Amino acid sequence: MLRAYYATPLPAPETPIAEAPMVAMDMETTGLDPDQHAIVSIGLVPFTLDRIRLAERRHWVVHPPRALEDLSVTFHHITHSDIENAPDLGEILPELLATMAGRVPVVHYHRIERRFLNAAVVARLGEDLFFPLIDTMVLEAKRHRLSWRARLRQRLGHDPLSIRLGDSRERYHLPAYQAHSALVDAIATAELLQAQIRHRLGPETPLGELWC
């Protein structure tokens, strides 16, 4: 399965972002530590700078190998009855990897998607899953947390601007969506990257300057 995934090459680092096939991804989990918690839902939507391919969107609720925690249920609203007959992540992994193959994953806060997906793959296939990705939160952080303007603002005693998904979208005048649905957040992330490239970075930006 991993051999098939790696057999489809990703675009080269010098490829302009406008020419790159991408897939926005979001996950809901039972907590924040992949050593103690697990994935309960995954949303994916392929896209480019010009088009979000909604007809190819995918959303899975999966049965976690660890128990749901009450606090996490209040965030993602996925209950015990929702996961009772849900498949194990291993059952949807072939389709998940096939959708990711050859596309650059785009997420908002990569520590969740990269670490949890790798932990899930290691648990089921016994091997790590390596993939570069673009993190829209990192792009916001470079502008609003690490720039000289941001540092000056903090020295003057102002709170740093929020780089959460909803707050970041608001700065680009994107509509507010209901949060904590993996599919909705994936679509929201795709739209945010399109706006970041259009208003801040430019379509000729090489992939290698964006991914991490």
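Our subject is the structure listed above.
Note on numbering: residues in each chain are counted from 1, in written sequence order. This being a predicted model, a pLDDT of at least 70 is required before a residue's local features are given, and a value of 80 or more before pairs of side-chain atoms are given or counted; all residues contribute to the totals for chains, interfaces and linings. Calculation of side-chain values draws on the structure's entire complement of heavy atoms; hydrogens and water are dropped beforehand.

Further remarks concern the overall build of the protein chain. Counting from the N terminus, the helices are DSSP H or I runs at least four residues long and the strands are E runs at least two residues long. Within the protein chain, the regular secondary structure consists of nine helices and five strands. N-terminal to C-terminal, the α/β element order of the protein chain is α-β-β-β-α-α-α-β-α-β-α-α-α-α. With the C-alpha coordinates aligned to their principal axes, the bounding extent of the protein chain is approximately 50 × 40 × 30 Å. Only protein chains enter the area calculation, which uses a 1.4 Å probe; residues under 20% of their type maximum are buried, those over 50% are exposed, and those in between are partly exposed. Residues classed as buried in the protein chain amount to 47% of the 212 residues present. Only heavy atoms matter for contacts: two residues are in contact if any of them lie within 4.5 Å across the pair. Contacts in the protein chain between residues far apart in sequence, at least 24 positions, make up 68% of those at least 6 positions apart. Note on areas: Shrake-Rupley, 1.4 Å probe, and residue coverage restricted to the protein chains presented here. Carbon and sulfur atoms provide 52% of the accessible area of the protein chain, an area that totals close to 11200 Å².

Here we come to the pattern of salt bridges. Here, a salt bridge means any side-chain nitrogen of Lys or Arg that lies within 4 Å of a carboxyl oxygen of Asp or Glu. Inspection of the entire model under this criterion finds six salt bridges. The closest approach of N and O atoms between Arg 58 and Glu 95, which form a salt bridge, is 2.5 Å. Placement of the pair is Arg 58 in strand 3 (residues 58-61) and Glu 95 in helix 4 (residues 89-100), with a sequence separation of 37 residues. The exposure class of Glu 95 is partly exposed, given its relative accessible area of 37%. Salt-bridge contacts for Arg 171 lead to Glu 140; the nearest nitrogen and oxygen are separated by 3.0 Å. Here Arg 171 is found in helix 8 (residues 165-171), whereas its partner Glu 140 is found in helix 6 (residues 136-144), with 31 residues between them in sequence. The exposure class of Arg 171 is partly exposed, given its relative accessible area of 26%.

Attention now moves to a nonpolar patch on the surface. Exposure above 30% relative accessible area and the lack of any salt bridge qualify a residue for a patch; like charges then connect within 9 Å, and the nonpolar side chains Val, Leu, Ile, Met, Phe, Trp and Tyr within 5 Å. Side chains of Trp 148, Leu 152 and Leu 156 sit close together on the surface and give an oily, nonpolar patch of about 370 Å² of accessible area. Position of Trp 148 among the secondary structure elements: in helix 7 (residues 148-155). Residue classification places Trp 148 among the exposed positions, given a relative accessible area of 59%.

So, about the side chain of Glu 191. You can see Glu 191 is positioned in helix 9 (residues 182-201). Pairing of N or O atoms within 3.5 Å defines a polar contact, subject to two protein rules: one partner must be a possible hydrogen donor and the other a possible acceptor, and residues neighboring in sequence count only if both atoms are side-chain atoms. Reaching out from Glu 191, the side chain makes a polar contact with the side chain of Arg 169 at a distance of 2.9 Å. Those residues in contact with Glu 191 that lie beyond four places of it in its chain are Ile 52, Arg 169, Leu 174 and Tyr 177.

With that settled, the discussion passes to unusual backbone geometry. Even without glycine at this site, Tyr 109 takes up a positive phi of about 90 degrees. Looking at the element boundaries, Tyr 109 is found in the loop between strand 4 (104-107) and helix 5 (110-125). Tyr 109 sits in the partly exposed class, given a relative accessible area of 34%. Backbone geometry places His 173, a non-glycine residue, at a positive phi of 60 degrees.

Turning our attention to the sheet that holds strand 5 (residues 134-135). The strand order 3-2-1-4-5 describes an open sheet built from five strands, whose pairing is mixed. Bordering the open sheet on either side are strand 3 and strand 5, each of which pairs with just one other strand. DSSP calls a pair of strands paired once it identifies at least 2 bridges connecting them. Bridge analysis of strand 1 (residues 22-29) against strand 4 gives three bridges, and the strand direction is parallel. Pairing of Met 22 across the sheet is with Val 104, part of strand 4. In this analysis, axes come from line fits to C-alpha atoms, helices being fitted only over the stretch in contact, and the angle between any two N-to-C directions falls in the range 0 to 180 degrees. Packed on one face of the sheet, helix 5 meets strand 1, strand 2 (39-47), strand 4 and strand 5 and runs near 80 degrees to strand 1.

Before going further, it helps to spend a moment on the packing of aromatic side chains. Any pair of Phe, Tyr and Trp rings, taking the six-membered ring for Trp, is counted once the centres come within 6.5 Å. Such a pair is stacked with planes under 30 degrees apart, edge-to-face with planes over 60 apart, and tilted for the rest. Applying the stated criterion across every chain yields a total of one aromatic pair. Between the aromatic rings of Tyr 5 and Tyr 6, the centroid separation amounts to 5.2 Å while the plane-to-plane angle is 65 degrees, which identifies the pairing as edge-to-face. For the cation-ring pair, Arg 114 lies above Phe 131, with the distance from its terminal atom to the ring centre recorded as 5.7 Å. Each ring is checked for a lysine NZ or an arginine CZ that lies within 6 Å of its centre and within 35 degrees of its normal; such an atom marks a charge sitting over the ring. Positioned above the aromatic ring of Tyr 177 is the side chain of Arg 169, whose terminal nitrogen or guanidinium carbon lies 4.4 Å from the ring centre.

Everything listed here is a matter of coordinates, which is why it stays silent on function.
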